[in-house]
Amino acid sequence: MENIILNEDLIYRNIDFKTSREIETFLADQLYENGYVKEGYKKALLEREQKFPTGLPSSQPAIAIPHANADLVNKTTLAVATLKEPVEFKNMGNTKEDIPVRIVIMLVIAEPHSQVKMLQKVADIVQNEELRKEFLQAETKQKLLQLVQSAIGDKND
Amino acid sequence: MTKHILVACGNGIATSTVVASKIKKYLSENGVDVQTTQTRLTEVPSKVANYDLLVTTGQFSGDTHGTPYILGLSLLTGVGADDTLSEIKDALTKQEP
């Protein structure tokens, strides 16, 4: 129940986008094509980012954690992208401030209350500067997948 | 006496889950009996009056109806988390009659 198996088709390394909207559109389309989310997900996601942005203030490389309503999700997963150049997301805690984001971890969650541990592990990634750097330095998609899978797995319990 | 905290984020599901669980863990270790309720930021104004404290992960600029408010984003990012936790504890314990 708790363990999420990530899908290689939802992991993107060193991709090139200019805006948070472009990245979210791209990831939401991939999620929809792979059957993880319902049709309204992309719209809800983009609206949510405008009202309640998801850039997290931290040392570099910074993370954003876009997400939308659980009722639009078919199956829980994460979609992860590292960005070639920083893209500005608004700060979750101060919507007037921009955060240059290099790592996007889209939280695709169908049953939030059974995913407390996974969410905490994502917070651990946010708090771990070394690990965030490793994500960016991953030389292949498989390496990035492995890093993310291991960061959200149960190995430390 | 059990204290009640309203924990809010954009959807009331993801970041508030992480923050609520950190608050509960810290307060129980520090002898403060607490119950948390998660909600969406948009529902805060209609609910907040019934709580001892409001903690949000995202920016909230609406009316808290006099309920003390603390931004809890640091509990997600880790930067300044200890200060925020003691601030939360102080806000709850100061209200003791």
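Rules used throughout
- Residues numbered from 1 in each chain as written.
- Chains lettered and ligands numbered in written order.
- Predicted model: local features only at pLDDT ≥ 70, side-chain atom pairs only at ≥ 80, totals over all residues.
- Helix = DSSP H or I, 4+ residues; strand = E, 2+ residues; numbered from the N terminus.
- Buried ≥ 20, exposed ≤ 12 C-beta atoms within 10 Å, placed from the backbone.
- Contact = placed C-beta atoms within 7 Å.
- Rg over C-alpha atoms; globule rule 2.2 N^0.38 Å.
- Nonpolar A, V, L, I, M, F, W, Y, C, P; charged D, E, K, R; others polar.
- Pairing = 2+ DSSP bridges.
- Core = buried A, V, L, I, M, F, W, Y, C linked by C-beta atoms within 7 Å.
- Right-handed = clockwise from strand over helix to strand, strands pointing away.
- pLDDT = per-residue confidence, 0-100.
- Axes fitted to C-alpha atoms, helices over the stretch in contact; angles between N-to-C directions.
- Parallel < 35°, antiparallel > 145°, perpendicular 65-115°, else oblique.
- Left-handed = near helix turned anticlockwise from the far one by under 90°.

> Even after reading the chapter, I still don't get the overall build of chain A, so can you show me in this structure?
When helices and strands are tallied, chain A shows five helices and five strands. Counted from the first residue to the last, chain A has its helices and strands arranged as β-α-α-β-β-β-β-α-α-α. With the C-alpha coordinates aligned to their principal axes, the bounding extent of chain A is approximately 40 × 35 × 25 Å. When the 157 residues of chain A are sorted by exposure, 42% land in the buried category. Taking the intrachain contacts of chain A between residues at least 6 apart in sequence as the baseline, contacts between residues at least 24 apart amount to 73%.

> Would you explain the overall build of chain B in this entry?
When you go through chain B residue by residue, the secondary structure sums to four helices and four strands. Taken from the N to the C terminus, the helices and strands of chain B come in the order β-α-β-α-β-β-α-α. A compact globule built from 97 residues should have a C-alpha radius of gyration of about 13 Å, and chain B, at 12 Å, falls within 12% of that. Considered along the principal axes of its C-alpha atoms, chain B spans approximately 30 × 30 × 20 Å. Across the 97 residues that make up chain B, the buried fraction comes to 46%. In chain B, of all internal contacts separated by at least 6 residues, the share reaching a separation of at least 24 is 56%.

> How should I be thinking about the interface of chain A and chain B in this particular structure?
Interface size is commonly expressed as the accessible surface area that is lost when the partners come together. Facing 23 residues of chain A, the contacting portion of chain B comprises 17 residues. When residues of the side of chain A that touches chain B are traced back to their parent elements, those giving at least two are α2 (41-51), β5 (94-108) and α3 (116-126) of chain A. With five residues, α3 of chain A is the single largest residue contributor to the side of chain A that touches chain B. Tallied by class, the residues present in the side of chain A that touches chain B amount to 13 nonpolar, eight polar and two charged.

> Which parts of the structure should I look at to understand the environment of Asn-11 of chain B?
Relative to the helices and strands, Asn-11 of chain B is located in the loop between β1 (3-9) and α1 (15-29). Excluding its chain neighbours within four sequence positions, the residues that come into contact with Asn-11 of chain B are Arg-48, His-67, Ala-68 and Asn-69 of chain A together with Arg-40 of chain B.

> Got a minute to help me understand the pairing of strand β3 (residues 53-56) of chain B in this structure?
For a regular strand, the rule is simple: side chains alternate between the two faces of the sheet. Residue and element names in this part refer to chain B. A two-sided burial pattern is seen for β3, the buried positions comprising Leu-53 and Val-55 on one face and Leu-54 and Thr-56 on the other. One ladder, built from four bridges, connects β1 with β3; its direction is parallel. By the bridge assignment, Ala-8 is partnered in β3 with Thr-56. Taken together, the three bridges between β3 and strand β4 (residues 69-71) define a ladder with parallel strand orientation. If you follow Val-55 over to β4, its bridge partner there is Ile-70.

> Where do I start with the nonpolar core in this structure?
A general tendency of soluble globular proteins is for nonpolar side chains to be buried together. Within the largest apolar cluster, 73 residues are counted, with the highest numbers of intra-cluster contacts made by Val-101, Val-104, Ile-105 and Val-108 of chain A. Discounting chain neighbours no more than four positions away, the residues touching Val-104 of chain A are Ile-23, Ala-64, Pro-66, Val-80, Ala-81 and Leu-83 of chain A.

> Looking at this model, I keep getting lost on the pairing of β1 of chain B. Mind explaining?
All names here are of chain B. For β1, the tally of buried residues reaches six of seven residues, placing the bulk of the element in the interior. Here seven bridges tie β1 to strand β2 (residues 34-40), and the two strands are oriented parallel to one another. In the sheet register, Val-7 faces β2, and the bridge partner there is Gln-38. A crossover links β1 with its parallel partner β2, the connecting element being α1, and its sense is right-handed.

> Where do I start with the confidence of the model for chain A in this structure?
Taken as a whole, chain A shows an average pLDDT of 93; of its residues, 96% reach a score of 70 or greater. No element of chain A has a lower mean pLDDT than α3 of chain A, which averages 90, and none a higher one than helix α1 (residues 20-33) of chain A, which averages 98.

> Explain the sheet that holds β1 of chain B here, please?
Sheet strands pair by backbone hydrogen bonding; their relative direction is either parallel or antiparallel. Residues and elements named next belong to chain B. Strand order in the open sheet formed by four strands is β2-β1-β3-β4, with parallel pairing between adjacent strands. Bordering the open sheet on either side are β2 and β4, each of which pairs with just one other strand. Each strand of the sheet is rotated relative to its neighbour by a mean of 25 degrees, with strand direction disregarded.

> Even after reading the chapter, I still don't get the packing of α1 of chain A against α2 of chain A, so can you show me in this structure?
Angle between the axes and distance between the axes are the two parameters that describe a pair of packed helices. Residues and elements named next belong to chain A. One way to put it is that α1 packs onto α2 with a least axis distance of 9 Å and a crossing angle of 155 degrees. With respect to α2, the axis of α1 lies roughly antiparallel. Between α1 and α2 lies a crossing of right-handed hand. Counted together, Ser-20, Arg-21, Glu-24, Thr-25, Ala-28, Asp-29, Leu-31 and Tyr-32 of α1 and Tyr-41, Lys-42, Leu-45, Leu-46 and Glu-49 of α2 form the full contact between these two elements. When the residues that make up the contact of α1 with α2 are grouped by side-chain class, the tally is six nonpolar, two polar and five charged.

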